[in-house]
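Examination of the molecular architecture
Spelled out from the first residue to the last, the chains are:
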Amino acid sequence: MDMVNVKIDGVAVSVPAYATVLEAAKTCGYDIPTLCAYNHGECSKGSCRVCLVEVQEGRRNDQGEVMYGPQRLVASCVYPITPDMKIIISSPKAVKARRASVELLL
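Residues numbered from 1 in each chain as written. Predicted model: local features only at pLDDT ≥ 70, side-chain atom pairs only at ≥ 80, totals over all residues. Heavy atoms only, no water.

**Details of the sheet that holds strand E6 (residues 72–75)**
- With respect to topology, five strands assemble into an open sheet ordered E2-E1-E7-E3-E6, the strand pairing being mixed. The sheet is open, and its two borders are formed by strand E2 (11–16) and E6, each paired with just one other strand. Shown here is a sheet whose adjacent strand axes are inclined to one another by a mean of 40 degrees, direction ignored.
- For strand E1 (residues 3–8) and E2, the ladder comprises six bridges, and the chain directions are antiparallel. By the bridge assignment, Lys7 is partnered in E2 with Ala12. (Pairing = 2+ DSSP bridges. Helix = DSSP H or I, 4+ residues; strand = E, 2+ residues; numbered from the N terminus. Axes fitted to C-alpha atoms, helices over the stretch in contact; angles between N-to-C directions.)

As structure tokens, then:
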């Protein structure tokens, strides 16, 4: 199985290359709140937005250095892992967005 290196809440981990952010976090022992009946992406369309996390995509330049883009909120149940990604599960922005999603659903 191909593995890629990412950082989850500042901790470097190796996760399956074809996993979603939610699957990768679960394999490393992190808990991301969800409402969907998640079944390897079959039941989830990311529409409830309760599993929002902040990610920062990493891209390597010609010298092999990792350059990071802006942080943005994504639905972790449908967003694929990419090499050198930074994932922030419990940032204030993500927690606030998840809370707003639940309030809108109620």
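**Observations concerning the side chain of Glu57**
- Note on placement: Glu57 falls in the loop between strand E3 (52–56) and strand E4 (58–60).
- A polar contact is formed between the side chain of Glu57 and the side chain of Thr82, at a distance of 2.7 Å. (Polar contact = N/O pair within 3.5 Å; in protein donor to acceptor, adjacent residues only side chain to side chain.)

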